[in-house]
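Geometric and topological summary
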Number of protein chains: 2
Amino acid sequence: MLSNIRIILINTFHPGNIGSAARAMKTMGLSDLCLVTPQRYPDPDADAMAAGAMDVLSNARLFPSLDEAIADCSLVIGTSARSRNSTSNRPMLEAGACADALLKESVNRPVALVFGQETMGLTNEELEKCHFHVCIDANPDYPVLNVASAIQILCYELRKASVRFNQKDIQPKTEDYPLQEDLERFYQHLEQTLTDIGFIIKQHPGRVMKRLRRLFNRARPESKELNILRGILSSAQRASRLKNNND
Amino acid sequence: MLSNIRIILINTFHPGNIGSAARAMKTMGLSDLCLVTPQRYPDPDADAMAAGAMDVLSNARLFPSLDEAIADCSLVIGTSARSRNSTSNRPMLEAGACADALLKESVNRPVALVFGQETMGLTNEELEKCHFHVCIDANPDYPVLNVASAIQILCYELRKASVRFNQKDIQPKTEDYPLQEDLERFYQHLEQTLTDIGFIIKQHPGRVMKRLRRLFNRARPESKELNILRGILSSAQRASRLKNNND
């Protein structure tokens, strides 16, 4: 599903960022990394940052220009932090909408998400080759995401979009929960014990049991846990009964 | 709005990740970074990766233990990639739901999001101190997110949640929850009571308390409910003490 979505890095300065990009992509299930005129590649720093994503890194394709990297794509979205001059402007998408747009179209053809050089970002000329721009919502006082962080977030949104597309796989619960009648026996046992140990006399009984029912219903004890709780109640009853017998 | 949300890093091995965390936080508007026993801090590698987030980094607070870092928090969520053994398990949230939960409650009290050591993640003991776990949906064949990437994604979701919150799509929690330190006192009281009434002798003590912690963490007692539970424990102790005196 995500294999038709291409991540393109242009003029990357730090090779470590190329490795981080490969790792970020693989964690989210993307694999098509394209590099346009990187400063240093291949490079040991890239390998180090790729960690378990060496396959994505070593399958990266090199292109002499953005034009060639996007030639077979039907949709190209460029990352942009700044608002540009009017002729470079494109409709601005937020990250989730960007992911939806890419995913919808990747079913038919390759699509591309383009990242510029670390400090400068995409040039106006590059931005103008895009159908849309995407801007990750960030702190207006410091919106300066590392390129690897930006890739991680957008790949994460792509994965979320692919889940929205696939859906329908909900897993059944595997925990063993008690029957409702066993739970009722527990509540009776609890109320009896609270009476035995002299707790319930001091307070309004109905209200305490309501509160406790609410608490345990929320907790949803599993069968094993309910057994523990019943055991505790029996111990408390025994302790208080022995005391009363000895009185 | 995001100022009551605390990011806690435990035993961080690479100081660069602390700097990256500070940067990831600041880009999304978070500022409260807490470090539990980092291997090296302060460190020039942390400064280099923090870039324009030196203020967040230099305001980071150091703690000798997780307990102390979360003492004044009412909600604690731990990051977990693996499924754990049953007693360490907590209800698992996906990233967006985790952000909503933290944000709702941060209106009233500090809340915490906890990250473990880079390679090992959180220990079972640390995971058991959490109300919920959060797992970032990832490629099942390689779900290995760098800790800085995980922080970036969760801070990004927190920022998105704060936008939803401002648009009134999510409502603040109004329940009054006890602080983590009050909850710890309850667990001590519970263990003592179970010993007094002779319940804990019969079983392996550690395992029972783990199970009960899991149960009550899931229930998330409100402050009033915790008072009821403390009252019950006191009654049980009194009942058993009277009995022992009379023996």
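First, a word on what this report is: a plain description of the structure on this page. What you see is a predicted model; the values in this text were computed from it and never measured.

Cut-offs applied
Residue indices begin from 1 for each chain and proceed along its sequence in written order. To read the labels, note that chains go from A and ligands from 1, taken in the order they are written. Only residues with pLDDT of at least 70 are given local features in this predicted model, and only at 80 or more are side-chain atom pairs given and counted; all residues enter the totals for whole chains, interfaces and linings. Calculation of side-chain values draws on the structure's entire complement of heavy atoms; hydrogens and water are dropped beforehand. Think of it this way: DSSP has to see at least two bridges between two strands before they count as a pair. Runs of E in the DSSP output that reach at least two residues are strands. Runs of H or I that reach at least four are helices, and both are numbered from the N terminus. Between two residues, a contact is recorded if the distance between any of their heavy atoms is within 4.5 Å. Simply put, an axis is a line fit to the C-alpha atoms, just over the touching stretch for a helix, and the angle between two N-to-C directions goes from 0 to 180 degrees. Once two parts are brought into contact, the accessible area they lose, counted with a 1.4 Å probe and summed over both, makes up the buried area. The salt bridge criterion pairs a side-chain nitrogen of Lys or Arg with a carboxyl oxygen of Asp or Glu, the two atoms within 4 Å. We call two N or O atoms a polar contact when they sit within 3.5 Å, provided that within protein one can donate a hydrogen and the other can accept it, with sequence-adjacent residues counted only if both atoms are side-chain atoms. Polarity classes work like this: nonpolar for Ala, Val, Leu, Ile, Met, Phe, Trp, Tyr, Cys and Pro, charged for Asp, Glu, Lys and Arg, and polar for all others, with Gly in that last group. Two rings from Phe, Tyr or Trp (for Trp, the six-membered ring) form a pair when their centres sit within 6.5 Å of each other. Planes less than 30 degrees apart are called stacked, planes more than 60 degrees apart edge-to-face, and all others tilted. Using a 1.4 Å probe on the protein chains alone, a residue whose accessible area is under 20% of its type maximum counts as buried, one over 50% counts as exposed, and one in between counts as partly exposed. Charge over a ring is defined by NZ of Lys or CZ of Arg lying within 6 Å of the ring centre and within 35 degrees of the ring normal.

Turning our attention to the sheet that holds strand 3 (residues 61-63) of chain A. Residue and element names in this part refer to chain A. In space, the seven strands of this open sheet follow the order 3-2-1-6-4-7-5, with parallel pairing throughout. If you trace the sheet from one side to the other, it starts and ends with strand 3 and strand 5 (92-93), each paired once. Pairing geometry for strand 5 and strand 7 (residues 132-134), over two bridges, is parallel. Looking at strand 7, one finds that Met92 is bridged to His133. Against the sheet, helix 7 (residues 147-166) contacts strand 1 (5-10), strand 4 (75-79), strand 6 (111-115) and strand 7, and its axis sits at roughly 155 degrees relative to strand 6.

The next subject is the interface of chain A and chain B. At the junction of the two partners, chain A supplies 58 residues and chain B supplies 58 residues. For chain A, the biggest contributors to the area lost against chain B are Tyr142, Tyr156 and Arg211 of chain A; these three give 13% of the whole. Our count for the chain A to chain B interface comes out at nine salt bridges. Two residues, Asp137 of chain A and Arg159 of chain B, come together in a salt bridge whose shortest N-O distance is 3.1 Å. Counting across the chain A and chain B interface gives 22 residue pairs in polar contact (both at pLDDT 80 or more). Residue assignment for the side of chain A that touches chain B shows that the elements contributing at least two residues are helix 1 (15-27), helix 5 (95-106), helix 7, helix 9 (205-219) and helix 10 (223-246) of chain A. In terms of residues, the side of chain A that touches chain B owes the most to one element, helix 10 of chain A, which gives 14 residues. Tallied by class, the residues present in the side of chain A that touches chain B amount to 29 nonpolar, twelve polar and 17 charged.

So, on to unusual backbone geometry. Cis geometry marks the peptide bond from Tyr41 of chain A to Pro42 of chain A; its omega dihedral reads -5 degrees. Within the secondary structure layout, Pro42 of chain A lies in the loop between strand 2 (32-36) and helix 2 (44-50). In the Ramachandran plot, Thr37 of chain A falls in the positive-phi region, its phi being about 40 degrees despite a non-glycine side chain. Residue placement: Thr37 of chain A occurs in the loop between strand 2 and helix 2. Although it is not a glycine, Ala51 of chain B sits at a positive phi angle of roughly 50 degrees. Within the secondary structure layout, Ala51 of chain B lies in the loop between helix 2 (44-50) and helix 3 (54-58).

The next subject is the packing of aromatic side chains. In the structure shown here, the tally under the stated rule is five aromatic pairs over all chains. Their ring planes at 50 degrees and their centres at 5.4 Å tell us that Phe186 of chain A and Tyr187 of chain A sit as a pair that is tilted. Centroid distance Phe186 of chain A to Phe216 of chain A: 5.3 Å. Interplanar angle 80 degrees. Geometry classified as edge-to-face. Of this pair, Phe186 of chain A sits in helix 8 (residues 180-196) while Phe216 of chain A sits in helix 9; the two residues are 30 residues apart in sequence, bridging distant segments of the chain. Per residue, the accessibility class of Phe186 of chain A equals that of Phe216 of chain A, and both read buried. Put simply, the rings of Phe186, Tyr187 and Phe216 of chain A together with Phe186, Tyr187 and Phe216 of chain B touch in pairs and so form one group of aromatic residues. In this structure, Arg213 of chain B packs its charged tip against the face of Tyr187 of chain B, placed 4.4 Å from the ring centre.

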